[in-house]
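If you want the building blocks of each chain, they are given just below.
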Amino acid sequence: MDRRYLQLDVFANRPGAGNPLGVVVDADGLDTGAMQAIANWTNLSETIFLLPPDANADYRVRIFTPRQELPFAGHPSVGAAWAALDQGLATPRSGALVQQCAAGLLPVRIDTRDGHTLPSVRAPRAVHRASPDGIESQLDAVLQALGAIDAPHALLDNGPRWWCVDLSSSAAVRALAPPLAEIAALCLASDAVGVAVCGRSEAADHALVVRAFCPADGVPEDPVTGSANAAIAAWLHMDRAEDGRVVRYVASQGRELGRDGRVEVEIDPAGEVWIGGAVQAVIRGTFEW
């Protein structure tokens, strides 16, 4: 059967920026093996499949990299909300939706700016995981190659697991040459999807620079990564007192790949992290499989 298909750029203020996302709209009838094969064929960092939801959700999404299914990912979730609205699968109630994915039911906010729809999804709450036994050599090899042997680092789990490394400065993040073989070995040994590095920026339009590397999943560097940005936000603010303040900032990711995405990050008073941004539709068509 012909299925509606979209290709979106997420966290993008123009086509060609942000992170590409494949969207199979009418995914009913595709089994897990077919979805994984399609995601491998599109060879995008993620491909999503929209399905009828269970009760209490507005739409359901399954998220695949070329190698595996993910319980949650940021740019696929933002793109899924946009696509569900664009394709008439869901209607916001008081500017809100509920997404069903393998990580559970996630609230989504729908904002409008200059006539454009900007979804924001509440990421699953990140959990700080202990470093697994027996991976010390792989972790040291990555940190040594990053020039970050003494840098703060942690393993965060918000659906996928991310190794987060704070390089402090944006210049250090932008200049680094990632040790892809060492990162792949570390991720396979620790069941992590990738290594995300961050550094503060004094630029007027963004406060943080982020890069994310997922070579074990066939994605040497991901252009713009919502789940990694959510994990970093949670990690950097874990010791923040829940005093009613809201923290908002913009992260820059993807410039090194020519994608120059912008992720709008909010940490609410309860410590929940929201990830959002602009979405561009680049391809509209049908998909045969």
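Quick caveat: nothing in here was measured; it's all calculated off a predicted structure.

Here we take up the overall build of the chain. If you tally the helices and strands in the chain, you get six helices and 18 strands. Expressed as a percentage of the 289 residues in the chain, the buried residues total 55%. Of the contacts formed within the chain by residues at least 6 apart in sequence, a portion of 64% connects residues at least 24 apart. As displayed, the chain has an accessible area near 11,700 Å², and 49% of this comes from carbon and sulfur atoms. Both charge centroids of the chain, one from 23 positive and one from 35 negative side chains, sit 4 Å from each other.

Further remarks concern the layout of surface pockets. Roughly 240 Å³ of volume is contained in the largest pocket. In terms of lining, the largest pocket is formed by 14 residues, of which the most central are Asn-13, Arg-113, Leu-118, Glu-264 and Ala-278. Grouping the amino acids of the lining of the largest pocket by side-chain chemistry returns five nonpolar, four polar and five charged.

When you line up the elements, Leu-118 lands in strand S8 (residues 116-122). A C-alpha to C-alpha distance of 9.2 Å links Leu-118 and Ala-81, two positions 37 residues apart in sequence. Contacts of Leu-118, omitting those with residues within four sequence positions, involve Arg-109, Ile-110, Asp-111, Arg-113, Glu-264, Gly-277 and Ala-278.

Turning next to the packing of aromatic side chains. How two aromatic rings sit relative to each other is set out by the distance from centre to centre and by the angle between their planes. The full count for this structure, using the stated rule, is five aromatic pairs. Seen from their ring centres, Tyr-5 and Phe-287 are 5.2 Å apart, and the 35° between their planes marks the pair as tilted. One end of the pair, Tyr-5, is in strand S1 (residues 2-10); the other, Phe-287, is in strand S18 (residues 279-288), and 282 residues separate them in sequence. We classify Phe-287 as buried; its relative accessible area is 6%. Judged by centre distance (6.1 Å) and plane angle (65°), the ring pair of Trp-41 and Trp-289 falls under edge-to-face. You can see Trp-41 sitting in helix H1 (residues 32-42) and its partner Trp-289 sitting in the segment after S18, a full 248 residues away along the chain. Judged by its relative accessible area of 57%, Trp-41 falls in the exposed class. Overall, the relative accessible area of 48% leaves Trp-289 in the partly exposed class. Directly above the ring of Trp-274 sits Arg-109, whose terminal nitrogen or CZ lies 4.2 Å from the centroid.

Before going further, it helps to examine empty space enclosed by the protein. Counted by the stated rule, this structure contains one cavity of 30 Å³ or more. If you go around the largest cavity, you meet 13 residues; those closest to its centre are Glu-46, Thr-65, Val-193, Cys-214 and Asp-222. Among the residues making up the lining of the largest cavity, the classes are represented as six nonpolar, four polar and three charged.

Between helix H3 (residues 136-146) and helix H5 (residues 180-190), the shortest axis-to-axis distance is 9 Å and the interhelical angle comes to 145°. Every pair of crossing elements has a handedness; the one defined by H3 and H5 is left-handed. Contact residues: Gln-138, Leu-139, Ala-141 and Val-142 in H3; Glu-182, Ile-183, Ala-185, Leu-186 and Ala-189 in H5. Looking at the contact of H3 with H5, its residues break down into seven nonpolar, one polar and one charged.

With respect to the secondary-structure elements, Thr-65 resides in the loop between strand S4 (59-64) and strand S5 (69-70). One polar contact links Thr-65 to Asp-217, side chain to side chain, over a distance of 2.8 Å. Setting aside its immediate chain neighbours within four residues, Thr-65 contacts Gln-36, Ala-39, Ser-45, Glu-46, Leu-70 and Asp-217.

What follows covers the nonpolar core. Formed by 59 residues in total, the largest nonpolar core has its most connected members in Leu-8, Val-23, Tyr-59, Trp-162, Tyr-249, Val-265 and Val-273. Counting 23 residues, the second-largest nonpolar core is a separate cluster that includes Leu-143, Leu-155, Trp-163 and Leu-167.

Turning our attention to unusual backbone geometry. A positive phi is found at Ser-94, a non-glycine position, where the angle reads about 55°. Using a relative accessible area of 84% as the deciding quantity, one classes Ser-94 as exposed. Located in the positive-phi region is Asp-191, a residue other than glycine, with phi close to 55°. Overall, the relative accessible area of 59% leaves Asp-191 in the exposed class.

What counts and how
Residues numbered from 1 in each chain as written. Predicted model: local features only at pLDDT ≥ 70, side-chain atom pairs only at ≥ 80, totals over all residues. Heavy atoms only, no water. Helix = DSSP H or I, 4+ residues; strand = E, 2+ residues; numbered from the N terminus. Buried < 20%, exposed > 50% of the residue type's maximum accessible area, 1.4 Å probe, protein only. Contact = heavy atoms within 4.5 Å. Areas by Shrake-Rupley, 256 points an atom, 1.4 Å probe, with all protein chains shown as cover. Lys, Arg positive; Asp, Glu negative; His and termini not counted. Charge placed at Lys NZ, Arg CZ, Asp CG, Glu CD. 1 Å grid on protein atoms, 1.4 Å probe; cavity = no way out; pocket = protein on both sides within 12 Å on 5 of 7 lines; lining within 4 Å. Points joined across faces, edges and corners; volume = space filled by probe spheres on them. Nonpolar A, V, L, I, M, F, W, Y, C, P; charged D, E, K, R; others polar. Phe/Tyr/Trp six-rings, centres within 6.5 Å; stacked < 30°, edge-to-face > 60°. Lys NZ or Arg CZ within 6 Å of the ring centre and 35° of its normal. Axes fitted to C-alpha atoms, helices over the stretch in contact; angles between N-to-C directions. Left-handed = near helix turned anticlockwise from the far one by under 90°. Polar contact = N/O pair within 3.5 Å; in protein donor to acceptor, adjacent residues only side chain to side chain. Core = buried A, V, L, I, M, F, W, Y, C linked by side-chain atoms within 4.5 Å.

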